[in-house]
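Understanding the architecture of this molecule
What follows is each chain in one-letter form.
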Amino acid sequence: MTAPAPGFCLTGPSTPVAGLLREVWASRRLVGVLARKDFLVRYRRTRLGLIWAVAVPLVQAAVLAVVFSSVLPQVTTSSGSGRLGSYAVFVLSGMVPWAFVSGALPAASTSIADSANLAQRIYFPRLVLPLVAVVTACYPLLATLAVFLPVALVLGPGVQPELLWVLPGSALAVLLVLGLSLLLSAAQVYLRDLRFVVSAGLTVLFYLTPVIYPLQRAPQVVHDLIRVLPVSGPVELFHRSVGAADPLMWRSVLASVVWITVFGAAGLVLHSRRDRVLADLL
Amino acid sequence: MTAAIELRGVTKVYRKYSDTTGSGILGRLRTRTRTSELVALDAVDLRVEPGESLGVIGRNGAGKSTLLQLLGGVTAPTSGSVEVRGRVAPLISVGVGFHPEMTGRENVHVNGTILGMTKAEVDGKLDRIVAFAELEQFIDTPVKFYSSGMFVRLGFAVAVEARPDVLLVDEVLAVGDFSFALRCFERMNEIRRAGTTIVVVSHNMGAIRGFCDRSLVLDHGRVVHDGSTFDAIAAYVDLASRDAADPAEKGDGVVVESFDIHDEHGRHASHVRYGDEVSFRLRVRALRDVATPFQWLGIETGAGAVVYSDARFDIPQPALQAGQRVTFEARLVVRLPTGDYSAAAALHDLLDMPRSRLLATAPRLSFYVTGRDTVHGAADLDASFGVRDRVV
């Protein structure tokens, strides 16, 4: 491992993007250590520990499956065979990426503002903070995957290679949160309202994104709108793993990639311009 | 030799945001946040060589913290350039990044990584860190059960073992107990001899004087003094006393022209050595006749604790006549622990006791005592130490 070039010469707030990325790479061990710390601390005093990371989305999925299949059977029965079991698997497959995004995105977006104490006293690229938040959220994602796969095997279509779609699905979900939070975490320092925008936005997105209902059940006119929502890509990839995806799911995946690219690039530019002065506003 | 730290024309301006004044939702969105600017550092030039220890002193708001933040790379200058060679470790409020739920050992790993140590370095130095912090029995205890002293010890031990090229120390050694503070300075001296540059920001003049050969005095973001620590403290005390010279309490009938300290050689001295005989001189001009003037002298520590207060109404001074200029003096031998102090003087008129009338109060005068670094506490009782009995 090569040590980072020691020392610095600062004449203003901006760092070239390449230099910033080099520094982030040099700080990769810091990301790991901080993520592990945040993860351990979150579950240390709880009796059930990581089980909560699985239990919460599982309970949500179960409640949604029961409620929606009894209240709105016409919405839910067209997925697969129409049995409650297969609807439950459909909901769970949507809930795994959704739980990750809705848990990770608020934390990653406010990660810089929330670390004022540390960030004001010692320098490391501020980009490290959203990275830490995303990596921390990967632990519960792995746990929910570990529960989802056996459930899908038992209640769903059984052993088939399609289940492997959860891998690109998970990767896309992680990249999505990373891309969005690159911009949001730095912008949030300047515009504290973003915290609430993200929170409200996620609430709206939960019902607009086809997490708990198949896209085909929504009115035809809004299909293409739904397909370009940011979280649709990962959610459709997960639905694909249980054989219940929108046939045009690639549009959703492409849309997610565009969201990631646009927010990620804008975030990188903002970070590279303001990296050294973000702490001034904390 | 290349400098460890080099600042060229560094200015740092902070924008302070004030509340928006727009009314209603649309007004709020439209009104731009009004900002006012605060110049924290103004055209600062500084060069520190490797292995030097630099003290930074100044009153609150002088720019000390900003300077430390710039040296740590936490913020960038608004103009000018800040260059630091090598790895910087801040010892700023020790234990930043410590999480209460984690054990001492886990926190050492996290903190060491934040300070730029590799895993192998942390593992290799863990025993030394724990030994220096004297936490052998508690290293696997969550740090929320630590006392503040234990916290400081562990944080210090990690920062020093990170072997930075530049160590930034901010007011932290005040927390630990005295013997630990001594060990810290010893340890800091060791790493300094090994080439680490150390910058200390403190209000504790004793610490600065004991540790730094060179000091910087900041005032309103400017360097007003850069040189020997001895002179720096004098410059700082001078600043502080000028600042305290708020309009003196209005007396009646007498105008204070000056109040200062003179040493044995008759020079003005704001820096006094232990054991010196000094005289506090109060020069006044009488606007009218005063029959029975008497003096009052008060000395407080820098923190405001009264050390000495004496109103010698039992020793009336000669009467004053209108228009006369008189210099009163109070002589004493300084037996005070090392530290900063302030003196105040007043002239009263002893009418008929217990009634007296305040004639004039002199502005508070700051001074600094050195020479007996071993003494702490409210008073120096100057004990003589020796062996009384020895049983063989």
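Parameters at a glance
Residues numbered from 1 in each chain as written. Chains lettered and ligands numbered in written order. Predicted model: local features only at pLDDT ≥ 70, side-chain atom pairs only at ≥ 80, totals over all residues. Heavy atoms only, no water. pLDDT = per-residue confidence, 0-100. Helix = DSSP H or I, 4+ residues; strand = E, 2+ residues; numbered from the N terminus. Contact = heavy atoms within 4.5 Å. 1 Å grid on protein atoms, 1.4 Å probe; cavity = no way out; pocket = protein on both sides within 12 Å on 5 of 7 lines; lining within 4 Å. Points joined across faces, edges and corners; volume = space filled by probe spheres on them. Nonpolar A, V, L, I, M, F, W, Y, C, P; charged D, E, K, R; others polar. Axes fitted to C-alpha atoms, helices over the stretch in contact; angles between N-to-C directions. Parallel < 35°, antiparallel > 145°, perpendicular 65-115°, else oblique. Phe/Tyr/Trp six-rings, centres within 6.5 Å; stacked < 30°, edge-to-face > 60°. Buried < 20%, exposed > 50% of the residue type's maximum accessible area, 1.4 Å probe, protein only.

A few points about the confidence of the model for chain A
Residue and element names in this part refer to chain A. Of the residues in chain A, 93% reach a pLDDT of 70 or more, and the chain-wide mean stands at 87. Between the elements of chain A, mean pLDDT differs from a low of 60, seen in helix 4 (residues 73-76), to a high of 96, seen in helix 9 (residues 166-190). Contacts from residues 1-5, a stretch scored under 50 in pLDDT, to residues over four places away or in other chains number two contacts.

Some points on empty space enclosed by the protein
Any empty space left between the atoms is revealed when a probe the size of a water molecule rolls over them. Residue and element names in this part refer to chain A. Evaluated as defined, the whole model comprises two cavities of 30 Å³ or more. Approximately 60 Å³ is the volume attributed to the second largest cavity. In terms of lining, the second largest cavity is formed by Val54, Pro57, Leu58, Leu92, Val96, Thr144, Val147 and Phe148. A breakdown of the residues in the lining of the second largest cavity according to their chemical character gives seven nonpolar, one polar and no charged.

A closer look at the packing of helix 9 of chain A against helix 10 (residues 194-208) of chain A
Residue and element names in this part refer to chain A. Remark: helix 9 packs on helix 10, axes separated minimally by 9 Å, with the N-to-C direction vectors making an angle of 135 degrees. Classified by the angle their axes make, helix 9 and helix 10 are oblique. Only Leu194, Arg195 and Val198 of helix 10 make contact with helix 9, whose side of the interface consists of Leu184, Ala187 and Gln188. Looking at the contact of helix 9 with helix 10 residue by residue, the classes come out as four nonpolar, one polar and one charged.

Observations regarding the packing of aromatic side chains
Residue and element names in this part refer to chain A. Throughout the structure, instances matching the rule amount to 14 aromatic pairs over all chains. With 4.9 Å between their ring centres and 80 degrees between their planes, Phe206 and Tyr207 make a pair best called edge-to-face. A ring pair is formed by Trp259 and Phe263, whose centres lie 5.7 Å apart and whose planes are at 35 degrees; its orientation type is tilted. Of the two residues, Trp259 and Phe263 are both situated in helix 13 (residues 249-274); the distance of four residues between them amounts to about one turn of the helix. The partly exposed category is assigned to Trp259, whose relative accessible area is 29%.

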